[in-house]
Amino acid sequence: MPPRQPVLDPAAAYPRINALRTALDSGDWPECRSVLDAAEPVERTELTMIAFGETGLETFLRGVLTGDPGDGAAGALLGQHLIGAAWRIRTAARSEQVSRERLAAFTEGLEVAERLLVDAAARSPHDPAIWTARLITARGLRLGRSEARRRYDRLAAIDPHHLPGQWQFLQQLCPKSGGVWALAHTFAGETAAAAPPGSFDPVLVAEAHLEHWLEEHGRSAAAGRRYLSAGPVRDELNEAADRSVRHPAFRRTHGWVRVTSTFAMAFALLDDRPAAAALFTALGDLGSDRPWDYLGDPGPTIVKYRKRAGGGGT
């Protein structure tokens, strides 16, 4: 019997995703608001981010905003939708590999999203989903670390433990976006230390180390093992996991799958098989594309490392 493939669609773990997709597809704005208004802040922001990958929503969402310019939920959804459209033009390639024409179209698309989000933030200044989206446009438009910091501070004043925004700001602090590793690791460590026990935020420590491995060592799993198994890095990963996924207060709320998957990948790469196996067991048949796509096709890659963690394979 072939090994079971992980279920990577986040809707398998979070049913509200399909409820929101259905409401968006049918143009039912009251139902969209019903789904979003019932969600906790982190879940609500994550739900608005599904518009990043959806197509054909602009006319509908602009119509909603025409009727109510102050609807922050519509502003966040449309902002993410426009950001996603711009990024599809650019592709996920490194900047030096993208043509000038594509970069110009990408920038133009992000500028449209930025103008919309500036207005949305002015009308709904306490909406964390809008500030999370503005962290993405700040990075894409290369507005600089100071401006990104200003936006993150506005978000943190609303919700100091808002993981979607923290993830975006961490990306800004990585060298690929003009940051430096010292800043990225310091932000991750300080955020983890300030987080309540059992929260998701300590995953930023693992995320920062995975980004560091990827940037400096390519996609080499062997290099990842050497980097992640170094004493101080291993200690930081274990401390972060103890404060998060391995803490009794850890809750399986929206986002738990990616958080658990990120720790599972870190421990699998450093070849701590018992730690990785426990996390794969917690996930069951669930998985996430990120960060496993750093190693290639996520599904087969997860199967490979899950098998190895369980005592099969090398």
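Look a little higher up for the structure.
Attention here is on the structure that accompanies the text. (Residues numbered from 1 in each chain as written. Predicted model: local features only at pLDDT ≥ 70, side-chain atom pairs only at ≥ 80, totals over all residues. Heavy atoms only, no water.)

To continue, consider the environment of Gly63. Its location among the elements puts Gly63 in helix H4 (residues 58–67). Separated by 119 residues in the primary sequence, Gly63 and Ala182 have C-alpha atoms spaced 45 Å apart. (Helix = DSSP H or I, 4+ residues; strand = E, 2+ residues; numbered from the N terminus.)

On to unusual backbone geometry, then. Excluding glycine, most residues fall at negative phi; most peptide bonds, likewise, are trans. Cis peptide bonds are those with omega within 30 degrees of zero, and the linkage from Arg290 to Pro291 qualifies with 5°. Looking at the element boundaries, Pro291 is found in the loop between helix H15 (273–283) and helix H16 (298–309). In this structure, Arg142 is a non-glycine residue whose phi angle is positive, near 55°. Looking at the secondary structure, you find Arg142 in the loop between helix H7 (128–140) and helix H8 (145–158). The exposure class of Arg142 is exposed, given its relative accessible area of 64%. The backbone of Asp271 shows a phi angle near 70°, a positive value even though the residue is not glycine. As for its position among the elements, Asp271 is in the loop between helix H14 (256–269) and H15. (Buried < 20%, exposed > 50% of the residue type's maximum accessible area, 1.4 Å probe, protein only.)

Attention shifts here to empty space enclosed by the protein. Scanning the entire structure with this criterion turns up one cavity of 30 Å³ or more. As a volume, the largest cavity reaches approximately 40 Å³. Surrounding the largest cavity, Phe267, Ala268, Asp271, Asp272, Arg273, Ala276, Tyr305, Arg308 and Ala309 form its lining. Contributions of two or more residues to the lining of the largest cavity are made by H14, H15 and H16. The biggest single contributor to the lining of the largest cavity is H16, with three residues. Across the lining of the largest cavity, the residue classes tally to five nonpolar, no polar and four charged. (1 Å grid on protein atoms, 1.4 Å probe; cavity = no way out; pocket = protein on both sides within 12 Å on 5 of 7 lines; lining within 4 Å. Points joined across faces, edges and corners; volume = space filled by probe spheres on them. Nonpolar A, V, L, I, M, F, W, Y, C, P; charged D, E, K, R; others polar.)

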